[in-house]
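A look at the structure
Here are the chains, one letter per residue:
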Amino acid sequence: MFQGRLAELIEDRPDDGVFRVSRAIFDDPDIFTLEMRRIFEAGWIFLGIASQAAAAHDFFTTTVGRVPVLVTRDGTGQLHGFVNSCPHKGSRVAQVMQGNARLHVCPYHSWTFDSAGQNKAIKWKKAGCYSEGFDQTSHNLAPLPAFGEYRGFVFGSLSADVPSLTDHLGEAAKLLDLVADQSDEGMELVPGGVTFTYDANWKLQLENCSDAYHFTSAHPSYIRVLEQRQKQADDSVVKSVFENSDYWTGESEGVAGGSYSFAHGHVLNWGRFGISEALPLYERADQLAQKHGRAKRDWMFNMRNLTIFPNLQIAENASSQLRVIRPLSAGKTEMRTWCIAPKGESAEARRQRIRQYEDFFNPSGMATPDDTVSYENCQRGFASGVEPWLQGYARGQTASKPGGNIFSKALGMEPERSVLSDAQLCDETLYHSYYREWARRMAGAVKA
Ligand code: FES
Ligand SMILES: [Fe+2]
């Protein structure tokens, strides 16, 4: 049934140079319900990072699609993912976003579970006149059918019928390595996570993270503040900001950045930055080059906006942000965001990172409100079916090449497609990867 309708929603004719998306996929409630079932509740979803539950009995809660989920570390140090729903009558068991609990007591009738999800007590059990059949049934929390961790990034699925996590992440895992390898101790979320909602579809956030085209149009106040600061800075500081690594020369001359697309809908857009005091990682620049080689170190300093489809984004641009996208309805989305940082960085570097973070991100920053207002403006425009096709998927079509390039080779990474760009190309073909995966999953496929 949906397969028939797919042609009305996404027009993907590479031979004719046509890729268009219908406004309907952003505001149709039936499509939203199917997205929950086939994308969010049938495949790998990012849950959180392992250091959110670092110690024994630590836990955090999240959602997979519409389903509440509890991630908890048991007394032996093993991490588990459970549906956060009581086997008694279905109530959510854990009620808060994070904490430490040896025992989780359901607020409705006090059934009790340990940090490994085992039922430890049923209130007034002896007096309950339970049958033998009841006693033979498990009363434990239901584990997620698929649950796994890659370099501290924790994923789960409500269906066991998924590719392995390694296959799901594929070559894009090398971009998670660039985050994880910034410290020998791994990454952490800086205290002070923020949750906010916007009145528009979740895929607007998905796209915007990969959208270099909007930056100078939508964020003039941020750009003006940066220009002002640069004018005020003394010469030595300005020079160090523009000091560039000479690792990539020759054929990469004139390249300002580009994009990579991967199987399963993961994408990266990136910009060349250089080894600069403007980044808090600067204090580790030499150390990281010694440990991981110059190419990988230089990549850590590049601007990188990574999406692991469908709900994880790590933006390392003005600062470093981890975002979890939670669709609430076709026209409403919840964002959970944190500053993500390498463990063990100096107090000065952490201070710099947090100041840059406050500048740019969150409802109180200079950029996020510009973006969310734009999403809400788009959502209003989606009400029109007069001309349903959107034309925002065409930039870069003649620049998009199969496979990788000199920059991805430096990481030993083989993307499906790549684009190299100057400052103004602002590739839009990387969204094709989102919508090809979207279409495949909506048509009922999970495994490649
Ligand atoms: S619903 Fe949890 S104890 Fe009744
Ligand atoms: Fe933006």
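Residues numbered from 1 in each chain as written. Chains lettered and ligands numbered in written order. Predicted model: local features only at pLDDT ≥ 70, side-chain atom pairs only at ≥ 80, totals over all residues. Heavy atoms only, no water.

Let's talk about the overall build of the protein chain
For the record, the criterion: Secondary structure elements follow DSSP: runs of H or I of four or more residues count as helices, runs of E of two or more count as strands, with numbering from the N terminus. Put simply, the radius of gyration uses C-alpha atoms, and a globule should come to 2.2 Å times the residue count raised to 0.38. Per-residue accessibility, obtained with a 1.4 Å probe over protein chains only, is compared with the maximum for each type, and a residue is labelled buried under 20%, exposed over 50%, and partly exposed between these values. Two residues qualify as a contact provided that any one of their heavy atoms is within 4.5 Å of a heavy atom in the partner residue. Working definition of accessibility: Shrake-Rupley area with a 1.4 Å probe, residue cover restricted to the visible protein chains. Only four residue types enter the tally: Lys and Arg on the positive side, Asp and Glu on the negative side, with His and both chain ends excluded. A charged residue contributes its charge at one atom only: NZ of Lys, CZ of Arg, CG of Asp or CD of Glu.
Within the protein chain, the secondary structure is distributed over 16 helices and 23 strands. Expected size for 448 residues packed as a compact globule is a radius of gyration near 22 Å; at 23 Å, the protein chain falls within 12% of this value. Overall size of the protein chain, expressed as C-alpha extent along the three principal axes, is 80 × 55 × 40 Å. Taking all 448 residues of the protein chain together, 53% fall into the buried category. Contacts spanning at least 24 positions in sequence make up 65% of the contacts within the protein chain whose residues lie at least 6 apart. Of the accessible surface of the protein chain, which amounts to about 20000 Å², a share of 50% is contributed by carbon and sulfur atoms. Averaged over its 47 positive side-chain charges, the protein chain has a centre that lies 5 Å from the centre of its 54 negative ones.

Overview of the nonpolar core
Put simply, the test is: Buried residues of nine kinds, namely Ala, Val, Leu, Ile, Met, Phe, Trp, Tyr and Cys, make up a nonpolar core once their side-chain atoms join them within 4.5 Å. The source of the domain bounds is an automatic or database domain assignment.
Ranked by size, the top nonpolar core spans 48 residues in total, and within it Ile25, Phe26, Tyr393, Tyr435 and Trp438 carry the most contacts. Element by element, the count of residues in this core is highest for helix H16 (residues 430–442), at seven residues. If you count residues domain by domain, this core takes at least three from each of domain 1 (48–150) and domain 2 (165–442). Setting aside chain neighbours within four positions, we find Trp438 in contact with Phe2, Leu6, Leu9, Ile10, Ile25, Ile31, Glu35, Ile39, Trp202, Lys203 and Phe309.

Focus on the environment of His219
Stated precisely, the cut-off is as follows: What qualifies as a polar contact is a pair of N or O atoms within 3.5 Å, subject to a donor-acceptor requirement within protein and to the restriction that residues adjacent in sequence count only when both atoms come from side chains.
Looking at the element boundaries, His219 is found in the loop between helix H8 (215–218) and helix H9 (220–232). The class for His219 is buried, based on a relative accessible area of 1%. With 141 residues separating them in the primary sequence, His219 and Phe360 have C-alpha atoms 9.7 Å apart. A distance of 3.1 Å separates a polar atom in the side chain of His219 from a polar atom in the side chain of His214.

Re the pattern of salt bridges
Put simply, the rule reads: Within this document, salt bridges are pairs made up of a side-chain nitrogen of Lys or Arg and a carboxyl oxygen of Asp or Glu, the two lying within 4 Å of each other.
A full pass over the atoms with the stated rule returns 28 salt bridges. The partner of Arg5 in a salt bridge is Asp28, and the shortest N-O contact between them spans 3.1 Å. In this pair, Arg5 sits in helix H1 (residues 2–9) while Asp28 sits in the loop between helix H2 (24–27) and helix H3 (29–40), placing the two residues 23 residues apart along the sequence. Assessed through its relative accessible area of 29%, Arg5 is described here as partly exposed. Residues Glu11 and Arg13 are paired through a salt bridge, measuring 3.1 Å at the closest nitrogen-oxygen approach. Here the residues in one salt-bridge network are Glu11, Arg13, Asp16 and Arg20, joined through shared partners.

Side note on the domain arrangement of the protein chain
How we decide: Buried area: the accessible area, evaluated with a 1.4 Å probe, that two parts lose upon being put together, summed over both parts.
Examined at the domain level, the protein chain breaks down into domain 1 (48–150) and domain 2 (165–442). Spacing between the C-alpha centres of domain 1 and domain 2 amounts to 35 Å. Contact with domain 1, which involves 10 residues of that partner, is made by 14 residues of domain 2. Sorting the residues of domain 1 by area buried against domain 2 places Ile49, Met97 and Tyr150 first, and these three jointly supply 53% of that buried surface.

So, the coordination of the iron ion (ligand 2)
Which entries qualify depends on this criterion: Listed donors are limited to N, O and S atoms within 2.8 Å of the metal, widened to 3.2 Å for Na, K and Ca; water is not among them, so incomplete-looking sites are possible.
Distances from the iron ion (ligand 2) to its protein donors, His214 (NE2), His219 (NE2), Asp371 (OD) and Asp371 (OD), fall at 2.1 to 2.5 Å. Counting gaps between the donor residues of the iron ion (ligand 2) yields the pattern H-x4-H-x151-D. On the criterion of sequence distance, the pair formed by His214 in the loop between helix H7 (202–208) and H8 and Asp371 in helix H14 (residues 368–381) is long-range, its members being 157 residues apart. Taking relative accessible area as the criterion, His214 reaches 16% and is therefore assigned buried. The class of Asp371 is buried, set by a relative accessible area of 10%.

What about the sheet that holds strand S11 (residues 146–150)?
In plain terms, the rule: Pairing between two strands is assigned when DSSP locates at least 2 bridges connecting them. Every angle, taken between N-to-C directions, lies between 0 and 180 degrees, and every axis is a line fitted to C-alpha atoms, over only the stretch in contact when it is a helix.
The sheet built from three strands is open, its strands ordered S3-S12-S11 with antiparallel pairing. With partners counted over all chains shown, the strands left at the sheet margins are strand S3 (45–49) and S11, one partner each. Within this sheet the neighbouring strands show an average axis-to-axis angle of 25°, counted without direction. As paired strands, S11 and strand S12 (residues 153–157) are joined by five bridges and run antiparallel to one another. Paired with Tyr150 across the bridge in S12 is Phe153.

Side note on the packing of aromatic side chains
For the record, the criterion: Any two rings among Phe, Tyr and Trp, with Trp reduced to its six-membered ring, count as a pair given centres within 6.5 Å; such a pair is stacked if its planes are under 30 degrees apart, edge-to-face if over 60, and tilted if neither.
Considering all chains together, one arrives at 21 aromatic pairs under this definition. Ring centres 6.2 Å apart and planes at 45° place the aromatic pair Tyr260 and Trp299 in the tilted group. Of the two residues, Tyr260 sits in strand S15 (residues 257–261) while Trp299 sits in helix H12 (residues 294–301), which places them 39 residues apart along the sequence. The class for Trp299 is buried, based on a relative accessible area of 0%. Ring geometry for Trp270 against Trp299: centres 4.8 Å apart, planes inclined by 55°, an arrangement best described as tilted.

Considerations on the confidence of the model for the protein chain
We count it as follows: What pLDDT conveys is the predictor's confidence in a given residue, as a value from 0 to 100.
Averaged over all residues, the pLDDT of the protein chain equals 94, while 96% of them reach at least 70. Across residues 238–242 the pLDDT falls below 50, and counting only partners more than four positions away or on other chains, this stretch makes nine contacts in the model.

Looking at the packing of H3 against H16
Definition in use: Any angle that falls under 35 degrees is termed roughly parallel, while one over 145 is termed roughly antiparallel, one within 65 to 115 roughly perpendicular, and all others oblique. Nonpolar residues are Ala, Val, Leu, Ile, Met, Phe, Trp, Tyr, Cys and Pro. Charged residues are Asp, Glu, Lys and Arg, and all others, Gly as well, are polar.
Put simply, H3 and H16 touch, their axes get as near as 9 Å, and they point 85° apart. Relative to H16, the element H3 lies roughly perpendicular. Where H3 approaches H16, its residues Ile31, Leu34, Glu35, Arg38 and Ile39 are matched on the opposing element by Trp438, Arg441 and Met442. Residues that form the contact of H3 with H16 fall into these classes: five nonpolar, no polar and three charged.

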